[in-house]
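Topology and contacts: notes
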Amino acid sequence: MQATETPNPPTASALAAWLRLEQTDGVGLLSAHRLLRALGSPQAVFEAGREQLLALVKPGQADALLRPLDAAAAAALAARAEAVLAWRELPGNLFLTLDHPAYPPSLREIDAAPLMLYVKGRAELLTRKSLAVVGSRNASAQGMHNAERMAQALSEAGLTIVSGLALGIDAAAHAGGLRGDGSTLAVIGTGADRIYPAGNDKLARRIAEDGCIVSEYGLGTPPLRDNFPRRNRVISGLVRGVLVVEAAAKSGSLITARLAVSQGRDVYAMPGSVHAALAKGCHRLIREGAKLVETAADVLEDMHMLAEGMAARPLIDDTFVDRVLDAIGDHPARADTLAAALGQSAAELQGQLLALELAGLLERLPGGMFQRLRV
């Protein structure tokens, strides 16, 4: 679906001023925001006198803003502006500056909000009620399953699913989001004209068609390592809350969760086995105050979106539940024995056993044993 442009897109000269402000050496986003609040526009910033600038920024920053562009720099800036204007004219593309009417209000209110956004696809998703679903790139099979089913249920309830287009949990969340009316929005760490990682090429094209892709980075920007932690503030800034499905103790998903807390967003986490490395990050978040969730209904209820009569959706198929319970039988069984019987790795099975334990179908015994409960 094509993005819809709103009135008064920036002219080439106004766009060049935005691009110049963004790339001025030593002037970061916080300083740029201070200048824009006081002076109104990037053009006004570059037309201001030294005394005006010194009241707002440090002397070195004022000097950088006052320094005229040489011919080569001016030509490069003009060429970049023309490239953006040409990209904006392609079907489905939208370019938003911080003062644009379509710039998402929830993102505009955070510290260090991007000065510009490059948008592909359904721009209306930027202002829909949304939830971020994030987690490990090296996710377990159960984690991927949980993320996809959770995202689908939340999307079917009307929430737009926001994530970062990484492999693992992000990709599963996007896939689930695309199956519901809420759809999905991907915040990427490259230019909007590039797809990374290559393994998500097909998924990215589906999102550009039926969802939305957003980047703060200029066209052609490659996948630079520092860009990905930075884009996490955009993920959390767009949403009402962040759900971490699976994360190791030092996962980048914890960065997103902590940014969400600093921005006043809710944080949710799914528990896992105490023995699973990919559950340690979620358990840490829960100890720090994140809300423990087991089903989509838990999230929707907390967000006051639970429809009357809506039941919690299990994250494990009924047929698999029956297989696990049949494998245990009438006597306690070890997790590794069950894994062998079910054709799964012990690590994958741990999360499923925990879900059954939380559902009151299994009891965990000393020594890593599980016993079926009769209900």
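Each remark here, short or long, concerns the structure printed above.
What you see is a predicted model; the values in this text were computed from it and never measured.

1. Things to note about the overall build of the protein chain
What the protein chain contains, in helices and strands, is 17 helices and twelve strands. Per-residue burial for the protein chain yields a buried fraction of 50% across its 375 residues. Summed over its atoms, the accessible surface of the protein chain is roughly 16900 Å², and 53% of this surface lies on carbon and sulfur atoms.

2. What about the environment of Leu 365?
Along the chain, Leu 365 falls in strand β11 (residues 362-365). On the basis of relative accessible area, Leu 365 is assigned to the partly exposed category, the value being 22%. Along the primary structure Leu 365 and Arg 334 are separated by 31 residues, whereas in three dimensions their C-alpha atoms are 9.4 Å apart.

3. Focus: helix α1 (residues 12-23)
Look at α1: 16 Å from first C-alpha to last across twelve residues, which is about the 16 Å you get at 1.5 Å a residue. Along α1, the residues classified as buried are Ala 14, Leu 15, Ala 16, Ala 17, Trp 18, Leu 19, Arg 20 and Leu 21. The elements touched by buried residues of α1 are α2 (29-39), α3 (42-47), α5 (59-66), α6 (71-88), β1 (93-97) and β2 (116-121).

4. Focus: the packing of helix α8 (residues 141-156) against helix α9 (residues 169-177)
As a packed pair, α8 and α9 sit with axes 7 Å apart at the nearest point and diverge in direction by 35°. The crossing of α8 and α9 is right-handed. Contacts between α8 and α9 involve Gly 143, Met 144, Ala 147, Glu 148, Ala 151, Gln 152 and Ser 155 on the former and, on the latter, Ile 169, Ala 172, Ala 173, Ala 175, Gly 176 and Gly 177. Among the residues forming the contact of α8 with α9, the class breakdown is seven nonpolar, five polar and one charged.

5. A look at the sheet that holds strand β10 (residues 333-334)
Taking strand neighbours across the sheet as the criterion, the three strands line up as β10-β12-β11 in an open arrangement whose pairing is antiparallel. On the outer flanks of this sheet lie β10 and β11, each paired with one strand and no other. When β11 meets strand β12 (residues 369-372), the two strands line up antiparallel, connected through four bridges. The partner of Glu 363 across the bridge, within β12, is Gln 371.

Reading the values: the criteria
- Residues numbered from 1 in each chain as written.
- Predicted model: local features only at pLDDT ≥ 70, side-chain atom pairs only at ≥ 80, totals over all residues.
- Heavy atoms only, no water.
- Helix = DSSP H or I, 4+ residues; strand = E, 2+ residues; numbered from the N terminus.
- Buried < 20%, exposed > 50% of the residue type's maximum accessible area, 1.4 Å probe, protein only.
- Areas by Shrake-Rupley, 256 points an atom, 1.4 Å probe, with all protein chains shown as cover.
- Expected span 1.5 Å × (residues − 1).
- Contact = heavy atoms within 4.5 Å.
- Axes fitted to C-alpha atoms, helices over the stretch in contact; angles between N-to-C directions.
- Left-handed = near helix turned anticlockwise from the far one by under 90°.
- Nonpolar A, V, L, I, M, F, W, Y, C, P; charged D, E, K, R; others polar.
- Pairing = 2+ DSSP bridges.

The analysis is restricted to geometry; functional conclusions fall outside its scope.
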